[in-house]
Amino acid sequence: MGRRRTETPGKAQQRARRAGAAVSAPVALLVAGAGADEAAGAGLGLVFVLTAAAAAALAAVLCPRGRTWWVLAAPPLFIAVVAVGGQLAAGAGRSGGSLVMAVVHWALDTFPAMLAAEATAAVVLAGRALRPGRGRRAAHA
């Protein structure tokens, strides 16, 4: 029978801290980009797109190897939430238009950021997959 690996409490805490950093640091970067673009007054634009790509790259670098699936799944959700929150905080939802028009506007504003984040995450994860990593055993194919 196979031996079961036990994890020391110190390693479990270290893993939890890394997982927290893999989420909180990219989200903070994304929020900062949305805030900078909204403060400039032109709505979400190039700064938001660039910070979304940087946040996705950071998440792809920080995430543990076995948990990389979420890096491709999470950017659209996080970007949408941050964009809607940022635009509501900036008062963009009070312009008197319909909710449908506001949703279409948010979707159009966030699509370039989502595309950039997904493409960046895919490139970084592909690079990680092709690079020989630490802890990889030669016996496993």
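- Named according to an unreviewed UniProt entry, the chain is DUF6542 domain-containing protein originating from Streptomyces nondiastaticus.

### So, the overall build of the chain
Link 1 in the chain: Each helix and strand counted, the chain has 4 helices and 0 strands in total.
Link 2 in the chain: Along the chain, helices (α) and strands (β) appear in the sequence α-α-α-α when read from the amino end.
Link 3 in the chain: In the chain, which comprises 141 residues, the proportion classed as buried is 28%.
Link 4 in the chain: Considering only residue pairs separated by 6 or more positions, the chain has 70% of its internal contacts joining residues 24 or more positions apart.
Link 5 in the chain: By element, 67% of the accessible surface of the chain is carried by carbon and sulfur atoms, the whole surface being about 9400 Å².

### Regarding the UniProt feature "transmembrane region" (unreviewed entry) in the chain
Link 1 in the chain: Using the residue numbers shown here, the UniProt feature "transmembrane region" (unreviewed entry) corresponds to residues 46-63, 70-90 and 110-130.
Link 2 in the chain: Segment residues 46-63 splits into 94% helix and 0% strand. End C-alpha atoms: 26 Å apart.
Link 3 in the chain: The straight-line gap between the two end C-alpha atoms of residues 110-130 is 30 Å; of that span, 100% is helix and 0% is strand.

### Observations concerning empty space enclosed by the protein
Link 1 in the chain: Considering all chains together, one arrives at 1 cavity of 30 Å³ or more under this definition.
Link 2 in the chain: Taken as a whole, the largest cavity holds about 160 Å³ of empty space.
Link 3 in the chain: Of all elements in the fold, only α1 (9-40), α2 (46-62) and α3 (69-89) reach the threshold of two or more residues within the lining of the largest cavity.
Link 4 in the chain: Here the lining of the largest cavity takes 6 residues from α3, the largest share from any one element.

### Notes on the confidence of the model for the chain
Link 1 in the chain: Looking at the chain, the pLDDT average stands at 79 and 73% of residues meet or exceed 70.
Link 2 in the chain: The least confident element of the chain, judged by mean pLDDT, is α1 at 77; the most confident is α2 at 93.

### Describing the packing of α3 against helix α4 (residues 99-130)
Each pair of packed helices can be described by the angle between their axes along with the distance between the axes.
Link 1 in the chain: With their axes 9 Å apart at the nearest point, α3 and α4 run at an angle of 150° to one another. Here α4 runs roughly antiparallel to α3, going by the angle between their axes. Crossing of α3 against α4: the hand is right-handed. When α3 is examined against α4, the residues V71, L72, P75, P76, I79, A80, A83, V84, Q87 and L88 are found in contact with a partner set consisting of H105, W106, D109, T110, A113, M114, A117, E118, A121, A122 and L125.
Link 2 in the chain: The class makeup of the residues in the contact of α3 with α4 is 16 nonpolar, 3 polar and 2 charged.

### Remarks on the packing of α2 against α4
Link 1 in the chain: Axis separation between α2 and α4 bottoms out at 8 Å; the angle between their running directions is 30°. Judged by the inter-axis angle, α2 sits roughly parallel to α4. When you trace α2 past α4, the crossing you get is right-handed. Contacts between α2 and α4 involve F48, V49, A52, A53, A56, A57, A60 and V61 from the first element and T110, P112, A113, A116, A117, T120, A121, V124, L125 and R128 from the second.
Link 2 in the chain: Among the residues making up the contact of α2 with α4, the classes are represented as 15 nonpolar, 2 polar and 1 charged.

### Focus on the side chain of D109
Link 1 in the chain: The topology assignment puts D109 in helix α4.
Link 2 in the chain: Judged by its relative accessible area of 18%, D109 falls in the buried class.
Link 3 in the chain: For D109, the contacting residues outside a window of four places in its chain are L44 and Q87.

Criteria and thresholds
Residues numbered from 1 in each chain as written. Predicted model: local features only at pLDDT ≥ 70, side-chain atom pairs only at ≥ 80, totals over all residues. Heavy atoms only, no water. Helix = DSSP H or I, 4+ residues; strand = E, 2+ residues; numbered from the N terminus. Buried < 20%, exposed > 50% of the residue type's maximum accessible area, 1.4 Å probe, protein only. Contact = heavy atoms within 4.5 Å. Areas by Shrake-Rupley, 256 points an atom, 1.4 Å probe, with all protein chains shown as cover. UniProt positions renumbered as here; feature names shortened; annotations may be inferred. 1 Å grid on protein atoms, 1.4 Å probe; cavity = no way out; pocket = protein on both sides within 12 Å on 5 of 7 lines; lining within 4 Å. Points joined across faces, edges and corners; volume = space filled by probe spheres on them. pLDDT = per-residue confidence, 0-100. Axes fitted to C-alpha atoms, helices over the stretch in contact; angles between N-to-C directions. Parallel < 35°, antiparallel > 145°, perpendicular 65-115°, else oblique. Left-handed = near helix turned anticlockwise from the far one by under 90°. Nonpolar A, V, L, I, M, F, W, Y, C, P; charged D, E, K, R; others polar.

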